[in-house]
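# Tertiary structure, described
This is what each chain is made of:
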Amino acid sequence: MPLVRKVSAMPDSAEIRDGDLVLVSRAGLYVAWVHRAGARELFIEPCDRAIPDRRVRIDEVQAVYRQIGRPVRVDGRLRPSPRQLRFEDDE
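Residues numbered from 1 in each chain as written. Predicted model: local features only at pLDDT ≥ 70, side-chain atom pairs only at ≥ 80, totals over all residues. Heavy atoms only, no water.

Our next topic: the overall build of the protein. Assigned secondary structure in the protein consists of one helix and seven strands. Ordered by position from N to C terminus, the α and β elements of the protein give β-β-β-β-β-β-β-α. In the protein, which comprises 91 residues, the share counted as buried stands at 23%. Counting only carbon and sulfur atoms, one obtains 49% of the accessible surface of the protein, whose full area is about 7800 Å². (Helix = DSSP H or I, 4+ residues; strand = E, 2+ residues; numbered from the N terminus. Buried < 20%, exposed > 50% of the residue type's maximum accessible area, 1.4 Å probe, protein only. Areas by Shrake-Rupley, 256 points an atom, 1.4 Å probe, with all protein chains shown as cover.)

Below, the discussion takes up the packing of aromatic side chains. On inspection of all chains with the given rule, the structure shows zero aromatic pairs. Sitting above the plane of the F43 ring, R36 keeps its charged end 4.2 Å from the centroid. (Phe/Tyr/Trp six-rings, centres within 6.5 Å; stacked < 30°, edge-to-face > 60°. Lys NZ or Arg CZ within 6 Å of the ring centre and 35° of its normal.)

So, about the side chain of E60. Among the secondary structure elements, E60 is positioned in the loop between β6 (55–57) and β7 (61–65). Separated by 3.0 Å, the side chain of E60 and the backbone nitrogen of R57 make a polar contact. Once you skip the residues sitting within four places of it in the chain, E60 turns out to touch L23, V24, S25 and R26. (Polar contact = N/O pair within 3.5 Å; in protein donor to acceptor, adjacent residues only side chain to side chain. Contact = heavy atoms within 4.5 Å.)

Looking now at the sheet that holds strand β3 (residues 21–25). Ordered in space as β6-β5-β4-β3-β7, the five strands form an open sheet in which the pairing is antiparallel. Across the chains shown, the open sheet's two edge strands, defined by having one partner strand only, are β6 and β7. For this sheet, the mean inter-axis angle between neighbouring strands, taken without regard to orientation, is 45 degrees. Direction of pairing for strand β5 (residues 41–46) relative to β6: antiparallel, over a ladder of three bridges. (Pairing = 2+ DSSP bridges. Axes fitted to C-alpha atoms, helices over the stretch in contact; angles between N-to-C directions.)

Here the structure, examined in full by the defined rule, presents eight salt bridges. Across the pair R17 and E15 runs a salt bridge whose closest N-O atoms are separated by 2.7 Å. Given a relative accessible area of 33%, R17 falls into the partly exposed group. Residue R57 pairs with E60 through a salt bridge whose shortest N-O separation is 3.5 Å. Judged by relative accessible area, R57 falls into the partly exposed class, the value being 44%. Three or more residues joined by partner-sharing salt bridges are found here, namely R26, D53, R57, D59 and E60. (Salt bridge = Lys/Arg side-chain N within 4 Å of Asp/Glu carboxyl O.)

Function cannot be inferred from these measures alone, as they are strictly geometric.
Spelled out as structure tokens, the structure:
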């Protein structure tokens, strides 16, 4: 299991994992892929090859984006369960 680090500089703390996309604020904003998350710094690969940074501090990360997988096509229509269709009195 890869190491997971919390980012506390953002309004809501987020975990940074290997393979995440991060928005970095260092002499301007840029987007980078995380190769490895360390205790205080990230080893990254910027999406713009003109940016020479390969390591950034965690407090320089402004946002974290994560791939959650491909959308799945569902066979047939989604239908509510019998429990969802029941009316229950709150009395």
